[in-house]
Every structure is written in C-alpha cells, then in structure tokens.
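# Coordinates in review
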Amino acid sequence: MTTSDRASAPDRTSDGLGAPDADGLLAEQLLRLTRRLHRIQKHHLEPVGITPAQSRLLRTVAHFGEPPRMADLAARLEVVPRAVTSLVDGLEAGDRVRRVPDPSNRRVIRIELTDAGRATLRELRSARRAAAEDILAPLTVDQREVLGGLLSALVDRGPENGC
C-alpha cells in the first residue's frame, strides 16, 4: 500500500490508536460487496431492459398465489406504496404486468403478470445466475457453501430495532 493509499483508506480502528475494529471492517466489506453486487446485477439486467428494483417487484408478484394488491407488494418489499406505484407504472409500460380489478371488490386493484412478464422472469433467472457467477467466481464450492450458511445466519436473524 502506498502512502497515498493509506492516506485515503478509511480509518479501521475503534479507538484511533491502531487497535483494529474487526466488526467495522466487516461492515465496510459487506457494504462494498453490496455496492459491487448491485453494479454487476445492473449490468446483467441492462439487456433485459429492467432495473434491479423492477426485477425485485416482478419476482415478488410471481411469488404470490393470486395477483397481489399494491399494498401487499409495498408490505412485502418494505417500501412506501408510492414506490410500488412507480415500479408498476414502469413494468406496465413494458407490458410485463397489468392492473386488474379485484373480482370481489371493484375498488381494489390487483397486479398480475402478463405473458411478457413471465418471459422476463425467465430472462431474469439467467441474468441473476450470470451475476452470481461473476461475484462468486473467486470462491470454491466449499467456500460458497460456507458463505451461504453465514449469510443465512445473518439474514434469518431478522430486523432489530425496526431497521
């Protein structure tokens, strides 16, 4: 590491005296990995013509047994309803989803996949596999299994303090 690299490197100490802050370093690495994964995923989604947020919404719609309401999608995605409206607008413009009235309550609008939406989901599976391979390429099969277990332990723990 050069002098300029050290000068621009983030402080990885908990007390400013040289004692390493291992948890801080891990958090920083996870954030950097998240940003890298987002960039790689975005690159692989460009040919499909969809954003990562639209991809997530489309996959979420597909996981419901029946066409979900906008409020159901907002709750599942943990976003405000307005964000879902914007995503649905974009997917609807691309004929990937459509708004349909609820059969039992005409005031309720549900979101259903179109044939083009189902085809896009197939493309997304390929794009996600390619993005995962890009990010996981340096790891052996055994390392991938260990990483999967560690990530599951973190993800399955659930949110704390409403975060």
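Overview of the structure. Quick caveat, the model's predicted, so the values are computed rather than measured.

What counts, and at which threshold
- Residue numbering note: each chain is counted from 1, following its sequence as written.
- Confidence filtering applies because this is a predicted model: local features only for residues at pLDDT of at least 70, side-chain atom pairs given and counted only at 80 or more, and all residues used for totals across whole chains, interfaces and linings.
- Hydrogen atoms and water are omitted, and side-chain values are computed over all heavy atoms in the structure.
- Here, nonpolar core refers to any group of buried Ala, Val, Leu, Ile, Met, Phe, Trp, Tyr and Cys residues whose side-chain atoms link them within 4.5 Å.
- Only protein chains enter the area calculation, which uses a 1.4 Å probe; residues under 20% of their type maximum are buried, those over 50% are exposed, and those in between are partly exposed.
- Secondary structure is summarised from DSSP: a helix means a run of H or I of at least four residues, a strand means a run of E of at least two, and numbering begins at the N terminus for each.
- When checking whether two residues touch, look at their non-hydrogen atoms; a contact exists if any pair is within 4.5 Å.
- In this context, the arc is that of the directions from the helix axis out to the C-beta atoms.
- Here, axes are lines fitted to C-alpha atoms. For helices the fit covers the stretch in contact, and angles between N-to-C directions go from 0 to 180 degrees.
- The scheme is simple: roughly parallel for angles under 35 degrees, roughly antiparallel for over 145, roughly perpendicular for 65 to 115, oblique for anything else.
- Rotating anticlockwise by less than a right angle from the far helix to the near helix defines a left-handed crossing, while the corresponding clockwise rotation defines a right-handed one.
- For this classification, Asp, Glu, Lys and Arg are treated as charged, while Ala, Val, Leu, Ile, Met, Phe, Trp, Tyr, Cys and Pro are nonpolar and the rest, including Gly, are polar.
- Cavities and pockets are defined on a 1 Å grid built over the protein atoms alone: a cavity is a set of grid points where a 1.4 Å probe fits but cannot escape, while a pocket is an open set with protein on both sides within 12 Å along at least five of seven lines, and lining residues are those with an atom within 4 Å of any such point.
- Grid points are joined across faces, edges and corners, and a volume is the space filled by probe spheres set on the points.
- Patches draw on residues past 30% relative accessible area with no salt bridge. Two like charges within 9 Å are joined, as are two nonpolar side chains (Val, Leu, Ile, Met, Phe, Trp, Tyr) within 5 Å.
- In short, Shrake-Rupley with a 1.4 Å probe defines the accessible areas, and a residue's cover is counted only from the protein chains shown.
- Salt bridges, as used here, are contacts in which a Lys or Arg side-chain nitrogen is within 4 Å of a carboxyl oxygen on Asp or Glu.
- We count Lys and Arg on the positive side and Asp and Glu on the negative side, and we leave His and both chain ends out.
- A single reference atom marks each charge: NZ on Lys, CZ on Arg, CG on Asp, CD on Glu.
- Multiplying 1.5 Å by the residue count of a helix minus one yields the expected span of that helix.

## Quick look at the nonpolar core
Core analysis: the biggest nonpolar cluster contains 20 residues, and L57, L58 and V84 have the highest contact counts within it. Of all the secondary structure elements, the ones that give two or more residues to this core are α3 (52-63), α4 (70-77), α5 (81-93), β2 (109-113) and α6 (115-136). Sequence-distant contacts of L58, defined by excluding residues within four places in its chain, comprise I50, L91, R96, V97, L113, G117, T120, L121 and L124.

## With respect to α4
Owing to its 3.6 residues per turn, the α-helix aligns residues three or four sequence positions apart on the same side. Buried residues of α4: M70, L73, A74 and L77, and no others. Around the axis of α4, the buried residues are gathered within 100° of arc, so they sit on the same side. Elements that come into contact with the buried residues of α4 comprise α3, α5, β1 (97-101) and β2. In the segment just after α4, E78 is the residue with positive phi, at about 55°.

## Details of the packing of α3 against α6
It is at 10 Å that the axes of α3 and α6 come closest, and there the two elements cross at 120°. By the angle between their axes, α3 is oblique relative to α6. As for the relative orientation of α3 and α6, their crossing is left-handed in sense. Residue-level inspection shows S55, L58, R59 and A62 of α3 in contact with α6, the latter providing G117, T120, L121, L124 and R128. By residue class, the composition of the contact of α3 with α6 is four nonpolar, three polar and two charged.

## Structural notes on the environment of V61
On the secondary structure map, V61 appears in helix α3. The exposure class assigned to V61 is buried, which follows from its relative accessible area of 5%. Residues V61 and L113 lie 52 residues apart in sequence; the distance between their C-alpha atoms is 7.2 Å. Once residues within four sequence positions are removed from consideration, V61 is found in contact with P68, L73, I111 and L113.

## Overview of the environment of Q54
Looking at where Q54 falls in the secondary structure, it is placed in helix α3. C-alpha of Q54 to C-alpha of L87: the two residues are 33 residues apart in sequence and 5.8 Å apart in space. Ignoring anything within four residues of it in the chain, the contact list for Q54 reads G49, L87, G90 and L91.

## Focus on the layout of surface pockets
Gaps left between atoms are located by rolling a probe of water-molecule size over the structure's atoms. Taken as a whole, the second largest pocket holds about 370 Å³ of empty space. What lines the second largest pocket is D23, L26, A27, Q29, L30, R32, L33, L147, L150, L151, A153 and L154. Listing elements by their share of the lining of the second largest pocket, those giving two or more residues are α2 (22-45) and α7 (141-155). Ranked by residues supplied to the lining of the second largest pocket, first place goes to α2 with seven residues.

## A short note on a positive patch on the surface
A surface patch of like charges, here positive, comprises R32, R35, R36 and R39. The topology assignment puts R39 in helix α2.

## Notes on α6
Here α6 spans 32 Å end to end across 22 residues, near enough to the 32 Å set by a 1.5 Å rise per residue. Inspection of α6 places G117, T120, L121, L124, A127, A131 and I135 among the buried residues, and these make up the whole buried set. Projected onto a plane normal to the axis of α6, the buried residues spread over an arc of 135° and lie on a single side. Set apart from the buried face of α6 by more than 90 degrees, the exposed residues are D115, R122 and R129.

## A short note on a nonpolar patch on the surface
A cluster of nonpolar side chains, namely L30, L33, L151, L154 and V155, defines an oily patch on the protein surface of about 460 Å² accessible area. When contributions to the nonpolar patch are tallied by element, the ones reaching two or more residues are α2 and α7. Among the elements that line the nonpolar patch, the one with the most residues is α7, at three residues. With respect to the secondary-structure elements, L30 resides in helix α2.

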